[in-house]
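Working through the structure, step by step
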Amino acid sequence: MPVNSFDDYPMSWKPNKEELSFPIYYCLADMMERDIKSGKLTANTKLPPQRELADFLDLNLSTITKAYKLCEMRGLIHAVTGKGTFVTPYANVPTSTVEKYAGEGIEMAVIHPFYEQNSIIRDLTIDILKKPYSERLFEYSNPLGDRGQILTAARWLSRFGLDAEEHNTVIGAGAQNALAVILSSLFEAGDRIAVDSYTYPNFISLANLLYLQLVPIEQDKDGMRPDKLEQVCANQNIKGIYLMPSGGNPTNLAFSDARKQEIAELIRKWKLIAIEDDNYASLLEKPYSPVALLAPEQCIYISGLSKPLCPGLRIAYLCLPEQYFNAVEQGMFSQNLKISSLNMEIAAEIIRSGLVWKIIQKKRKMAMARNRIYADFFPESTVCMESYYQWLKLPPHCAGSMCESELAHRGVRVFGAERFSVGNRIDSNAIRIATCSTENDEQLRLGLESIRTFIRKQESAAPVFIV
């Protein structure tokens, strides 16, 4: 069909054929991404059928199919069986939870894990540097840690019940870097990974960067629903699963013991590569039992030290099943070349000396005090007392992104639900509030009062629908 026959034909997206370059499918995908992120293609827009777009551009159908598939892998569009392909609701919403320039205001968005304890780590670091041969900590040697540091990491992991030894323990440059290494080492572009429908946003960013498809699984009060996971595994080629079972970011939903067992059975049944991210498990007063204990051959366990100890250390400990060890270790070498020996030694010495428990206990106590203040302002909300953040549901017609924007104008920073959302869900009426991040208790109260006042106004206002 000649291109000019579409001059007066209504289409939601008419890319300029003159802009196309080789490889055409990749260029077309970039053009779609540009138009989505510029706002030209808005959320939930129904895209032209692939055959129709192929006729319009005078291209092979397979070229359009590859372009659509690439955009789907980037998290920009999604297909609905029997209805067509649509722009993902939150394709243009930032997923980062790290802001470069926060400016003035009350910080309740980015998690600042109680920096007051950093002075203790500073003093310990000074003592380490005064030791004989401390200059060796600045060499290229032992790129992933010396034997003593690795054995200390294994001992730390063993406290969660894991069978961690020197041969299956790896030290990473922080949990985020560990996730990047795992995804790039064990997965390929196009692979599907099951995640909570609200999940850690930096994991979403990593998946998009590596062209991995995240498949959202519904949750209930006990965590990820096994019936929904089973259904997805039966109908799609799911290769992996990402879990935060000790308390998900942002919802704080923790797996019950029964739910851990059910999810572990499905991990084994479908031979999934399971990634258990437990940055916050060590902060819990009640000992935590990992899912990795129930599926040890399939599950990679990550214990990051940024949240319980010090974010500046950028150290995480990994317990790896034998089948993944070589690939992940090689990925570490390829992407890091050298993890800071000084940071590894500081982390190891904090644990060896027992100072780790003093720091964790103080941070837990501070978190509980902050969350008691939060509970006073929102007594009807479910509160996780040991957490650094809370998940606050908003009135049904109040979107999280709108709340984030409006509160920012009032000098209070929070993160809307859209930053954490996977897939095409439309219920975004929630915000994450980092109760740990204000400078003091009084500032927390001021911020919570602003949030409460804003929400009460929304509850009394009529819903506004934008067409």
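Residues numbered from 1 in each chain as written. Predicted model: local features only at pLDDT ≥ 70, side-chain atom pairs only at ≥ 80, totals over all residues. Heavy atoms only, no water.

A tally of helices and strands in the protein yields 14 helices and 16 strands. Here the C-alpha radius of gyration of the protein, 24 Å, is about what a compact globule of 467 residues would show, namely 23 Å. Seen along its three principal axes, the alpha-carbon backbone of the protein occupies a region of about 80 × 55 × 45 Å. Relative to its 467 residues, the protein shows a buried fraction of 54%. If you sum the accessible surface of the protein, you get close to 21500 Å²; carbon and sulfur atoms cover 52% of it. One way to put it: in the protein the 51 positive side-chain charges average out to a point 2 Å from where the 55 negative ones average out. (Helix = DSSP H or I, 4+ residues; strand = E, 2+ residues; numbered from the N terminus. Rg over C-alpha atoms; globule rule 2.2 N^0.38 Å. Buried < 20%, exposed > 50% of the residue type's maximum accessible area, 1.4 Å probe, protein only. Areas by Shrake-Rupley, 256 points an atom, 1.4 Å probe, with all protein chains shown as cover. Lys, Arg positive; Asp, Glu negative; His and termini not counted. Charge placed at Lys NZ, Arg CZ, Asp CG, Glu CD.)

For an interface, size is often stated in terms of accessible area lost upon the parts coming together. Looking at the assigned domains, one finds that the protein contains domain 1 (17-87), domain 2 (106-111 + 357-461) and domain 3 (117-353). Here the C-alpha centre of domain 3 lies 35 Å away from the C-alpha centre of domain 1. Listed by partner, the interface residues are seven residues for domain 1 and seven residues for domain 3. Summing both sides of the interface, domain 1 and domain 3 together bury roughly 530 Å²; the carbon and sulfur share of this comes to 50%. For the domain 1 face of the interface with domain 3, the top three residues by lost area are K69, M73 and R74, together amounting to 76%. In this assembly, domain 1 and domain 3 are joined by zero salt bridges. Summed over the shared surface of domain 1 and domain 3, the result is one residue pair in polar contact (both at pLDDT 80 or more). Broken down by element, the residue count for the side of domain 1 that touches domain 3 peaks at four residues, all from helix α3 (residues 61-73). Class assignment of the residues belonging to the side of domain 1 that touches domain 3 gives a composition of three nonpolar, one polar and three charged. (Domains from an automatic or database assignment. Contact = heavy atoms within 4.5 Å. Buried area = accessible area lost by both parts, 1.4 Å probe. Salt bridge = Lys/Arg side-chain N within 4 Å of Asp/Glu carboxyl O. Polar contact = N/O pair within 3.5 Å; in protein donor to acceptor, adjacent residues only side chain to side chain. Nonpolar A, V, L, I, M, F, W, Y, C, P; charged D, E, K, R; others polar.)

Reading across from one edge, β13-β16-β15 is the order of the three strands in this open sheet, with antiparallel pairing throughout. Looking at which strands have only one partner, the edges of the open sheet turn out to be β13 (390-393) and β15 (415-416). Sheet topology places β15 next to strand β16 (residues 430-433); two bridges connect them, and they run antiparallel. Paired with G416 across the two strands is I431, which belongs to β16. (Pairing = 2+ DSSP bridges.)

Moving on to the packing of aromatic side chains. A complete count under the given rule lists eleven aromatic pairs for this structure. Measuring from ring centre to ring centre gives 5.5 Å for F114 and Y388, while their planes differ by 80°; the resulting arrangement is edge-to-face. With F114 in the loop between β3 (106-107) and α4 (118-129) and Y388 in the loop between α12 (355-377) and β13, the pair connects residues that are 274 residues apart, well separated along the chain. Residues F114 and Y388 agree in their burial class; the two are buried. Residues Y374 and F378 carry aromatic rings whose centres are separated by 5.3 Å and whose planes lie at 40° to one another, so their mutual orientation is tilted. Each member of the pair, Y374 as well as F378, carries the same accessibility label: buried. In textbook terms, an aromatic cluster arises when at least three aromatic residues are bridged by ring pairs, as seen for F114, Y280, Y388 and Y389. Over the ring of Y26 we find R74, and its NZ or CZ is 5.2 Å from the ring centre. (Phe/Tyr/Trp six-rings, centres within 6.5 Å; stacked < 30°, edge-to-face > 60°. Lys NZ or Arg CZ within 6 Å of the ring centre and 35° of its normal.)

This brings us to the pattern of salt bridges. This structure, assessed with the given rule, holds 25 salt bridges. Across the pair R225 and E218 runs a salt bridge, and its minimum N-O distance is 3.3 Å. Overall, E218 belongs to the partly exposed group, its relative accessible area being 41%. A salt bridge links E262 to R259, with the shortest nitrogen-to-oxygen separation between them at 3.3 Å. One end of the pair, E262, and the other, R259, are both in helix α9 (residues 257-269), three residues apart, so they sit about a helical turn from each other. Owing to a relative accessible area of 34%, E262 belongs among the partly exposed residues under this scheme. Overall, the relative accessible area of 8% leaves R259 in the buried class. Here the salt bridges share partners, and the residues they tie into one network are D30, E33, K37 and R74.

To continue, consider the pairing of β16. Residues A430 and R432 point to one face of β16 and I431 and I433 to the other, with burial holding for every one of them. Note that β13 and β16 share four bridges and pair antiparallel. From the neighbouring strand, L392 faces β16, where its bridge partner is I431.

Moving on: the side chain of E349. Mapped onto the elements, E349 comes out in helix α11 (residues 341-353). Leaving out residues up to four positions away in the same chain, E349 has contacts with L124, I128 and K131.

Let's shift gears to helix α10 (residues 322-336). The terminal C-alpha atoms of α10, which comprises 15 residues, lie 21 Å apart, in line with the 21 Å expected from a rise of 1.5 Å per residue. Y324, F325, V328, G331, M332 and N336 are the residues of α10 that are buried. When α10 is viewed along its axis, its buried side chains cluster within an angular range of 145° and face the same direction. Projecting away from the buried face of α10 at angles above 90 degrees are the exposed residues N326 and S334. On its buried face, α10 sits against β4 (169-172), α6 (175-186), β10 (273-277), β11 (299-304) and β12 (316-319). (Expected span 1.5 Å × (residues − 1). Arc of directions from axis to C-beta.)

The next point concerns the sheet that holds β4. Taken in spatial order, the seven strands line up as β4-β12-β11-β10-β9-β5-β6 in an open sheet, and their pairing is mixed. For this open sheet the edge positions go to β4 and β6 (213-217), each flanked by a neighbour on one side alone. With direction set aside, neighbouring strand axes in the sheet form an average angle of 25°. Of the strand pairs in this sheet, β4 and β12 are connected by four bridges, and their pairing is antiparallel. Residue pairing in the sheet places G172 in a bridge with A316 of β12. Contacting β4, β10, β11 and β12, α10 runs over the sheet at an angle of about 25° to β4. (Axes fitted to C-alpha atoms, helices over the stretch in contact; angles between N-to-C directions.)

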